[in-house]
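Each chain, letter by letter, is given below.
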Amino acid sequence: MWTKTEEDGLINAFKNACAESWRSENGAFRPGYLGPLEIAMLNAFPGTDLRATPHIESKIKMWKRTYGTVSSILKTSEFGLHDTDKTIKDKTEDIWEAYLKV
């Protein structure tokens, strides 16, 4: 289980990787990008046991899966995004019930 602080640290490491040109022109990260992320996590959290494989890799997969789910929910006309807290809103309570059954 990742803590909120560790997730924030990984997000900052991703931002730094982008600033250091670890992203290619097509938006994907270049091969080997997990190494610098692991080093950044080790520097930010001395003594951590988080490693590129399997920890950072699995966190990225989970984020991608979550993004896909949220993206598909927001593509339907029944849902929207609250501007203030960036949470999903629905027009009626019944919509959530129907969506969850699918």
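This text follows the structure it describes.
Residues numbered from 1 in each chain as written. Predicted model: local features only at pLDDT ≥ 70, side-chain atom pairs only at ≥ 80, totals over all residues. Heavy atoms only, no water.

(A) Region of the structure containing a nonpolar patch on the surface. A cluster of nonpolar residues, Val-70, Leu-74 and Leu-81, forms a patch on the protein surface that exposes about 190 Å² of accessible area. The topology assignment puts Val-70 in helix α3 (residues 52–75). (Patch = residues over 30% accessible without salt bridge, like charges linked within 9 Å, V, L, I, M, F, W, Y side chains within 5 Å. Areas by Shrake-Rupley, 256 points an atom, 1.4 Å probe, with all protein chains shown as cover. Salt bridge = Lys/Arg side-chain N within 4 Å of Asp/Glu carboxyl O. Helix = DSSP H or I, 4+ residues; strand = E, 2+ residues; numbered from the N terminus.)

(B) Region of interest: the packing of helix α2 (residues 34–44) against α3. Axis separation between α2 and α3 bottoms out at 10 Å; the angle between their running directions is 100°. One way to sum up the angle between α2 and α3 is to call them roughly perpendicular. Contacts between α2 and α3 involve Leu-34, Leu-37, Glu-38 and Met-41 from the former and Ala-52, Ile-56, Glu-57 and Ile-60 from the latter. Taken together, the residues of the contact of α2 with α3 sort by class into six nonpolar, no polar and two charged. (Axes fitted to C-alpha atoms, helices over the stretch in contact; angles between N-to-C directions. Parallel < 35°, antiparallel > 145°, perpendicular 65-115°, else oblique. Contact = heavy atoms within 4.5 Å. Nonpolar A, V, L, I, M, F, W, Y, C, P; charged D, E, K, R; others polar.)

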